[in-house]
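Tertiary structure, described
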Amino acid sequence: MNEKQRLENQQINQKSSADVKSDANDNLGRLKNISSDELISKYFQATYEPPNMRKAKKRLKKDVDIHYDFEIPLEMKEIGKGKKFLIRTYGCQMNEHDTEVMAGILTQMGYTSTEDTNDADIILLNTCAIRENAENKVFGELGHLKPLKLENPDLILGVCGCMSQEESVVNRILKKHPFVDLIFGTHNIHRLPQLINEALFGKEMVVDVWSKEGDIIENLPKARKGKIKAWVNIMYGCDKFCTYCIVPYTRGKERSRMPEDIIQEVRHLAAQGYKEITLLGQNVNAYGKDLEFDYGLGNLMEEISKIDIPRVRFTTSHPRDFDDRLIEVLAKGGNLLDHIHLPVQSGSSDILRVMARRYTRESYLELVRKIREAMPNATLTTDIIVGFPNETDEQFEETMTLVEEVGFESAYTFIYSPREGTPSARWEDNTPMEVKKERLQRLNALVNKQSAEAMTHYQDKIVKVLVEGESKKDPDVLSGYTERNKLVNFKGPKSVIGEIVEVKITNTKTWTLDGEMVESAVEVR
Ligand code: SAH
Ligand code: SF4
Ligand code: F3S
């Protein structure tokens, strides 16, 4: 598609989305007498389709456009002068980073940030849909914010992020939380200025959720949270369709950024003095698969390893796409750190098959073997789901033995949570919740034991710590992470915040290390 066609298309998209939105507003019926059921069905017919596995799997790779022309409309550049915003972020790093983009946009509109809800003119909840309890937290928060909104009708209260991409959630907000002013999804963050404008000057709730996945918008402003570590998106979306997971529906299909755009962003961060970047994607190992030329994560990491930035991490890896080329590049070390987060989800090949993870226990172990062969010191961490529908005791035991066999040094562990619209949510599940909870406890005990044990190996060793700031518990103590992502607390001068220093470990705990800063030392990790 040439540039002219692209622009025309963009205009068509914008026009239709605006029409649809004003439809939705008309439909809201606050001013007209229509029932919320009527307005919901009318609104969703126009703009949105709920998760549909068969349709989503047919989505085309090629209709993603890249835009380099984001601009805040002139008339909205001063809208926020003297006003404040607060964004509450739930969920994963992708959401954390989206919050930085929204904060960047709001800052360019003249708003400043605040931590105090009473002080805010705009409150946005950037939500996560991954498990039911993530959603419950947001509904709870809406309940807390209701009195504030009733007291201060000028406050703009918005819900965005992954939950907004779900039909059932939008329905629930329309029905039970009509005091919300604005709902928008993950594909249209760049329309925030227009959405705020409409929420400020319109009388109805603004609902703008796109089921068509977004294009890639390159030059969005970002108000990054810190000056030491930064997130860099390398791709958006996920095409893996694990049978339990909502992400492919809330984030859309896999779209890779162009390598040169990523490299330019990393160079820029290095020039600004950032010490660590984390490359982000739901499945970073699929990076490049949708590009029209032969280029993968290995190639990208190799390019990035040449940039003068001390630390480069990436998350999240999917075992299925972890290729030899990437292992070869990672093994060269340098600024590419040897901590790999490699979610396994289960140790049972049968469960992995019904999860549609497309690898087996054996092939996962083989991948681990290859990684360890190339990077003998690599730290491996993981994600695990217990109590997948009908998981048997034996199948759970396979997870326990796999955790031991690999020697994971930490793991995020979850009880399976059915998500509406995903295949597994329709399956009968005969495993009682009590059993699932017991399994989780046993698994956590094992993970804790392994973590504590891994920590003991650091006793009296010297590690390199990127100092992030004062420790949360004690302002006299500094804290930061080692190359292998262990949190270290130590005494040292505040002047080293933002620097990489050597720390001798004096005490080890289950999840953290204590130490003393050393002036000069033998190099170890
Ligand atoms: N893209 C990453 C994970 C993203 S979600 C990957 O595939 O590894 C983060 C973690 O949440 C997943 O690894 C999984 O362990 C967990 N998770 C996802 N859906 C879940 C569900 N329905 N119930 C419980 N945990 C879930
Ligand atoms: Fe979800 Fe990760 Fe599977 Fe994608 S790869 S469907 S994000 S668990
Ligand atoms: Fe949650 Fe969306 Fe991330 S569902 S885990 S915030 S991609």
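See the structure shown above.
Keep in mind that this is a model prediction, so the values were computed, not measured.

Along the backbone of the protein there are 15 helices and 21 strands. Across the 525 residues that make up the protein, the buried fraction comes to 55%. Nonlocal contacts in the protein, meaning residues at least 24 apart in sequence, comprise 76% of its contacts between residues at least 6 apart. When the accessible surface of the protein is split by element, carbon and sulfur atoms take 48% of a total near 24,100 Å².

In this model, helix α14 (residues 393-406) (14 residues) spans 20 Å end to end at C-alpha, consistent with the 20 Å of a helix rising 1.5 Å per residue. When we look at burial in α14, the residues that qualify are Gln395, Phe396, Thr399, Met400, Leu402, Val403 and Val406. Viewed end-on, α14 has its buried residues packed into an arc of 160°, placing them on one side of the element. Exposed side chains of α14 directed beyond 90 degrees from the buried face belong to Glu394 and Glu405. Tucked into the core, α14 has its buried residues touching α12 (349-354), α13 (361-374), β15 (379-386) and α15 (433-456). Following α14 by one or two positions, Gly407 has its phi on the positive side, about 75°.

What the rule picks out here adds up to two cavities of 30 Å³ or more. Asp98, Thr186, Ile189, Leu220 and Tyr236 are, among the 23 residues lining the largest cavity, the residues nearest its centre. Counting residues per element, the ones that place at least two in the lining of the largest cavity are α4 (93-108) and β8 (216-217). When residues of the lining of the largest cavity are assigned to their parent elements, the largest contribution, four residues, is made by α4. Residues that form the lining of the largest cavity fall into these classes: seven nonpolar, eight polar and eight charged. Here the lining of the largest cavity gathers at least three residues from each of two domains, domain 1 (14-208) and domain 2 (221-455).

Bringing the pairing of β15 into the picture now. Most of β15 sits inside the fold, with eight of its eight residues counted as buried. Of the two faces of β15, the one carrying Thr379, Thr381, Asp383 and Ile385 and the one carrying Leu380, Thr382, Ile384 and Val386 are both buried. When strand β14 (residues 339-341) meets β15, the two strands line up parallel, connected through three bridges. Note on β15: the bridge partner recorded for His339 is Thr379. The sheet contact formed by β15 and strand β16 (residues 410-415) spans six bridges and is parallel.

Two elements in contact, helix α11 (residues 324-331) and α13, have axes whose closest approach is 9 Å; the angle formed by their N-to-C orientations is 30°. For the element pair α11 / α13, the angle class is roughly parallel. Classified by chirality, the crossing of α13 by α11 is right-handed. Note on element contacts: α13 touches α11 through Leu367, Lys370, Ile371 and Ala374, opposite Asp324, Ile327 and Ala331. Per-class residue counts for the contact of α11 with α13 are five nonpolar, no polar and two charged.

Basis of the calculations
Residues numbered from 1 in each chain as written. Chains lettered and ligands numbered in written order. Predicted model: local features only at pLDDT ≥ 70, side-chain atom pairs only at ≥ 80, totals over all residues. Heavy atoms only, no water. Helix = DSSP H or I, 4+ residues; strand = E, 2+ residues; numbered from the N terminus. Buried < 20%, exposed > 50% of the residue type's maximum accessible area, 1.4 Å probe, protein only. Contact = heavy atoms within 4.5 Å. Areas by Shrake-Rupley, 256 points an atom, 1.4 Å probe, with all protein chains shown as cover. Expected span 1.5 Å × (residues − 1). Arc of directions from axis to C-beta. 1 Å grid on protein atoms, 1.4 Å probe; cavity = no way out; pocket = protein on both sides within 12 Å on 5 of 7 lines; lining within 4 Å. Points joined across faces, edges and corners; volume = space filled by probe spheres on them. Nonpolar A, V, L, I, M, F, W, Y, C, P; charged D, E, K, R; others polar. Domains from an automatic or database assignment. Pairing = 2+ DSSP bridges. Axes fitted to C-alpha atoms, helices over the stretch in contact; angles between N-to-C directions. Parallel < 35°, antiparallel > 145°, perpendicular 65-115°, else oblique. Left-handed = near helix turned anticlockwise from the far one by under 90°.

Interpretation note: all reported values are geometric properties and have no functional meaning in isolation.
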